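# Results of the structural survey
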Amino acid sequence: MMNCLQSWPEPVVRVQSLSESGIRAIPERYIKPPSDRPGFEKQEHVDIPVVDLKNLFSHDHTLHEETLKLISSACKEWGFFQAVNHGISHELMKRTREVWREFFNLPLEVKQEYANAPTTYEGYGSRLGVQKGAILDWSDYFFLHYLPVYLRNPSKWPSLPSSCRDLISEYGAEVEKLCGRLLKAMSISLGLKEDYLQNAFGGEDIGACLRVNFYPKCPQPDLTLGLSSHSDPGGLTLLLPDHDVAGLQVRKNGKWITVKPVPNAFIVNVGDQIQVMSNAIYKSVEHRVIVNSAKDRVSLAFFYNPKSDLLIEPAKELVSEDRPALYSPMTFDEYRLYIRTYGPCGKTQVEFSESNR
Ligand code: OGA
Ligand code: NI
């Protein structure tokens, strides 16, 4: 399997270049089967929960407990919530998103210097998965390693715009702290010791990556998706969405819900590894991205992940005779190979590991 991950199976086409070429019809490779298209089902008009983090570590016991309860029910029922009063500077969020928009608006030759390969995915990319003939998503992205520190290589980060590298570091340090706080809150609300999840993820050696998604304008948004349905393979995701363009959809009771971004909020979601560790008490939920013909969209997904060679398994405290372990131990490295080979495909993987335990 490793062999097929050395290079892309077909010449890489930048979706942004396609979009800017002025085509009126999208190439066949981006046309989804009817049941995957955005308009296939009626839209449901509800919102994902919004959680105010102001009192997360308040000394007032009641307020602290209330916040934990909200997080817990969001993670059980939605696998998603929007976090406000998270403590990260709104100005920093805005500057970081804008610097990435500027990066994507640089000439193609500049971006091509960072062209990625499926061996590490690091750099400028336009597809996920290496299956020849796969139907592709309407987006480009930039993927980089932030943690562990020995994998961090700023020389692989964009040198232009000139503030980009510093902003990645500054933003990364802040979101890393927030992820640590959220992991604590999740541990406590699962009835585990507050450092349980962090330690099980590798403590100081935890992994983190940033994927900046760029969804160009699309002349036929009803036929395609910006990002196909998937659940995030890692631990916890902190998404900074575009401030005025919606696009993210979350699966709830078999229907797709479009998230309306709350100003200056982060969208938090549970990844597959937390579903595994919590023995499916917390859910990693399917989501996808739709595109539109009027505006491009930039989003930053910060993935907070287990150290790649640790065995991840349900917490002993959450396994009992009544609730046996639903998953057998697997390293994140092994787990991640699936999406890196087959691309985004719903929740097939975590379900597969359930049925094969
Ligand atoms: C992702 C993701 C959603 C978005 O990068 O895994 O789900 O809104 N992104 O870009
Ligand atoms: Ni995702």
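Here the structure is a predicted model, which is why all the values come from computation and not from measurement. (Residues numbered from 1 in each chain as written. Chains lettered and ligands numbered in written order. Predicted model: local features only at pLDDT ≥ 70, side-chain atom pairs only at ≥ 80, totals over all residues. Heavy atoms only, no water.)

## Let's talk about the overall build of the protein chain
The cut-off we apply is this: For helices the rule is a DSSP run of H or I covering at least 4 residues; for strands it is a run of E covering at least 2, with both sets numbered from the N terminus onward. The size measure is the radius of gyration over C-alpha atoms, and the globule rule it meets is 2.2 Å times the number of residues to the 0.38 power. Classification of residues uses two cut-offs on accessible area relative to the type maximum, computed with a 1.4 Å probe and protein chains only: under 20% is buried, over 50% is exposed, and between them is partly exposed. Using a 1.4 Å probe, the Shrake-Rupley method yields the accessible areas, and only the shown protein chains count as cover for residues. Only four residue types enter the charge count, namely Lys and Arg as positive and Asp and Glu as negative; His and the chain termini do not. Every charge is mapped onto a representative atom, which is NZ of Lys, CZ of Arg, CG of Asp or CD of Glu.
From N to C terminus, the protein chain includes 9 helices and 14 strands. Relative to the 2.2 N^0.38 estimate, which gives 21 Å for 357 residues, the radius of gyration of the protein chain is 20 Å and therefore close to what a compact globule would have. Along the first, second and third principal axes, the C-alpha set of the protein chain runs to 55 × 45 × 45 Å. Counting the 357 residues in the protein chain, one finds 52% classified as buried. As displayed, the protein chain has an accessible area near 15800 Å², and 52% of this comes from carbon and sulfur atoms. Charge separation in the protein chain, taken as the distance between the mean sites of 40 positive and 44 negative side-chain charges, equals 4 Å.

## With respect to the coordination of the nickel ion (ligand 2)
Under the convention used in this document: Excluding water, the donors of a metal are its N, O and S neighbours within 2.8 Å, or within 3.2 Å for Na, K and Ca, and that exclusion means sites may look incomplete.
Summarising the metal site, the nickel ion (ligand 2) is bound by the protein donors His230 (NE2), Asp232 (OD) and His287 (NE2), whose distances to it range over 2.1 Å. Ordering the donors of the nickel ion (ligand 2) by residue number gives the pattern H-x1-D-x54-H. Each of the two residues, His230 as well as Asp232, counts as buried.

## As for unusual backbone geometry
Residues Leu147 and Pro148 are joined by a peptide bond in cis, for which omega reads -5 degrees. Here Pro148 is to be found in the loop between strand 4 (140-147) and helix 5 (164-189). Residue Pro161 is bonded to the preceding Leu160 through a cis peptide linkage, with omega at -10 degrees. Topologically, Pro161 is positioned in the loop between strand 4 and helix 5. Even without being a glycine, Asn279 presents a positive backbone phi close to 55 degrees. Since its relative accessible area comes to 0%, Asn279 is described here as buried.

## Thoughts on the UniProt feature "domain: Fe2OG dioxygenase" (unreviewed entry) in the protein chain
This is how the line gets drawn: UniProt positions are given in the numbering used here, feature names are shortened, and annotations may be inferred rather than shown by experiment.
The positions that UniProt labels "domain: Fe2OG dioxygenase" (unreviewed entry) are, in the present scheme, residues 205-306. Helix makes up 6% of residues 205-306 and strand 43%. Its end C-alpha atoms lie 8 Å apart.

## Points about the sheet that holds strand 1 (residues 50-52)
The cut-off we apply is this: One requirement defines pairing of two strands: DSSP has to find at least two bridges between them. Every angle, taken between N-to-C directions, lies between 0 and 180 degrees, and every axis is a line fitted to C-alpha atoms, over only the stretch in contact when it is a helix.
The strand order across the open sheet built from 8 strands is 1-2-10-7-12-5-4-3, with neighbouring strands paired in mixed fashion. The open sheet is flanked by strand 1 and strand 3 (123-125), the only strands paired with a single partner. On average, each strand axis in the sheet is inclined to that of its neighbour by 25 degrees, with strand direction left out of account. With 9 bridges joining them, strand 5 (residues 207-215) and strand 12 (residues 297-305) adopt antiparallel strand pairing. When the sheet's bridge partners are listed, Ala208 is paired in strand 12 with Tyr304.

## Some thoughts on the packing of helix 3 (residues 90-104) against helix 5
Basically, it comes down to this: For classification, angles of less than 35 degrees are called roughly parallel, those exceeding 145 degrees roughly antiparallel, those between 65 and 115 degrees roughly perpendicular, and all remaining angles oblique. Note: crossing handedness is left-handed where the near helix turns anticlockwise from the far helix by less than a right angle, and right-handed where it turns clockwise. Note on contacts: a residue pair qualifies if any of its non-hydrogen atoms lie within 4.5 Å across the two residues. Only Asp, Glu, Lys and Arg are considered charged, only Ala, Val, Leu, Ile, Met, Phe, Trp, Tyr, Cys and Pro nonpolar, and every remaining residue, Gly among them, polar.
It is at 10 Å that the axes of helix 3 and helix 5 come closest, and there the two elements cross at 140 degrees. Classified by the angle their axes make, helix 3 and helix 5 are oblique. Every pair of crossing elements has a handedness; the one defined by helix 3 and helix 5 is left-handed. Each of Leu92, Arg95, Thr96, Val99 and Trp100 in helix 3 lies in contact with helix 5, whose residues at this interface are Cys164, Leu167, Ile168, Glu170, Tyr171 and Glu174. For the contact of helix 3 with helix 5, a count of residues per class yields 7 nonpolar, 1 polar and 3 charged.

## Notes on helix 8 (residues 332-342)
Residues of helix 8 that are buried: Phe332, Tyr335, Arg336, Leu337, Ile339, Arg340 and Thr341. Downstream of helix 8 by a residue or two, Gly343 has a phi angle that is positive, lying close to 80 degrees.

## Some details on the pairing of strand 12
By the criterion of burial, strand 12 is predominantly enclosed, with 9 of the 9 residues buried. Burial along strand 12 is two-sided: Arg297, Ser299, Ala301, Phe303 and Asn305 and Val298, Leu300, Phe302 and Tyr304, pointing in opposite directions, are all buried. Bridge count for strand 7 (residues 236-240) against strand 12 is 5 bridges, and the pairing is antiparallel. Paired with Leu239 across the strands is Ala301, a residue of strand 12.

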